[in-house]
Amino acid sequence: MKTENVTWTQTKIPRKQRWGSMSQKGAVIWLTGLSGAGKSTLAVGVDHWLQQCGRHCFVLDGDNLRHGLCGDLGFSEADRVENVRRAGEAAKLMAESGVIAICALISPFAAERGRLRAVCEADEIPFAEIFISTPLELCEERDVKGLYKRARLGEIKMFTGIDSPYESPEAPDLVINTGQITIVEGVGLLGGHIHALTQISPD
């Protein structure tokens, strides 16, 4: 939805100059998958790895965002759609500034992830959808936060993977299954992908 009577303010610093001063392209790196798949662990790990490589990045974690920016949202389908929209818009602004925004959200609906990709690509913001494809059985076995147990007991309704659907990406940019490789290996794969995506080519 477009807001009336507002105008986008242009800064005096072109994107190419802003990104050039940071020696990297800003980007939105979107990690999607079930609860317990390893999204946050990979996001935190690759954030540390990239920082050590001299890259400027920041993690936008789904749980963290619900403490502030998305604190007024519940878990209805409409609220989940709005949660992804807000996170995506925040990530896009960060990418515009030259930061690599590493987003770790379940984001269960393909349409919302597709909309975010389209919005980024329309503004020539590098975007990558990373599918953390760890299967439900393993995520439930881990049950890091005890949420699956509560969902099975009926204490949590509309829980993704149990009584609310998760729509797997059809053409993700990278697939990582933390049940088949170690977190260190996953961070290496993800870090390499991000490094290539955000590298500035010499003129």
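Here's a quick rundown of the structure. (Residues numbered from 1 in each chain as written. Predicted model: local features only at pLDDT ≥ 70, side-chain atom pairs only at ≥ 80, totals over all residues. Heavy atoms only, no water.)

## Description of unusual backbone geometry
For Ser23, which is not glycine, the phi dihedral falls at a positive 60 degrees. Its location among the elements puts Ser23 in the loop between α1 (15-22) and β1 (27-32). In the Ramachandran plot, Ser107 falls in the positive-phi region, its phi being about 40 degrees despite a non-glycine side chain. Secondary-structure assignment places Ser107 in the loop between β3 (100-104) and α5 (110-122). (Helix = DSSP H or I, 4+ residues; strand = E, 2+ residues; numbered from the N terminus.)

## A short note on the nonpolar core
Core analysis: the biggest nonpolar cluster contains 29 residues, and Ile29, Leu31, Ile102, Ile130 and Leu190 have the highest contact counts within it. At the level of secondary structure, the elements contributing two or more residues to this core comprise β1, α2 (39-52), β2 (57-61), β3, β4 (127-132), α7 (147-152), β5 (174-176) and α8 (183-198). Every residue in contact with Ile29, bar those within four places of it in the chain, is listed here: Ile100, Ala101, Ile102, Cys103, Ala128, Ile130, Leu190, Ile194 and Leu197. Trp30, Leu60, Cys103 and Leu105 belong to the second largest nonpolar core, which has 21 residues in total. (Core = buried A, V, L, I, M, F, W, Y, C linked by side-chain atoms within 4.5 Å. Buried < 20%, exposed > 50% of the residue type's maximum accessible area, 1.4 Å probe, protein only. Contact = heavy atoms within 4.5 Å.)

## Notes on the packing of helix α4 (residues 77-96) against α5
Running from amino to carboxyl end, α4 crosses α5 at an angle of 20 degrees, the nearest separation of the two axes being 10 Å. By the angle class used here, α4 and α5 are roughly parallel. Viewed along their axes, α4 and α5 form a crossing whose handedness is right-handed. Where α4 abuts α5, its residues Val81, Val84, Arg85, Gly88, Glu89 and Lys92 lie against Glu112, Arg115, Leu116 and Val119. Considering only residue class, the contact of α4 with α5 consists of four nonpolar, one polar and five charged. (Axes fitted to C-alpha atoms, helices over the stretch in contact; angles between N-to-C directions. Parallel < 35°, antiparallel > 145°, perpendicular 65-115°, else oblique. Left-handed = near helix turned anticlockwise from the far one by under 90°. Nonpolar A, V, L, I, M, F, W, Y, C, P; charged D, E, K, R; others polar.)

## Observations concerning the pairing of β1
The buried count for β1 comes to six of six residues, which makes it a mostly enclosed element. Of the two faces of β1, both are covered, the one formed by Ala27, Ile29 and Leu31 as well as the one formed by Val28, Trp30 and Thr32. Of the strand pairs in this sheet, β1 and β3 are connected by five bridges, and their pairing is parallel. What sits directly across from Ile29, in β3, is Ile102. (Pairing = 2+ DSSP bridges.)

## Some words on the sheet that holds β4
Strands sit in the order β2-β3-β1-β4-β5 across an open sheet of five strands; the sheet is parallel. The sheet is open, and its two borders are formed by β2 and β5, each paired with just one other strand. Neighbouring strand axes in the sheet, compared pairwise and without regard to direction, differ in orientation by 20 degrees on average. By the bridge criterion, five bridges tie β1 to β4 in an arrangement that is parallel. Bridge pairing links Thr32 to Phe131 in β4.

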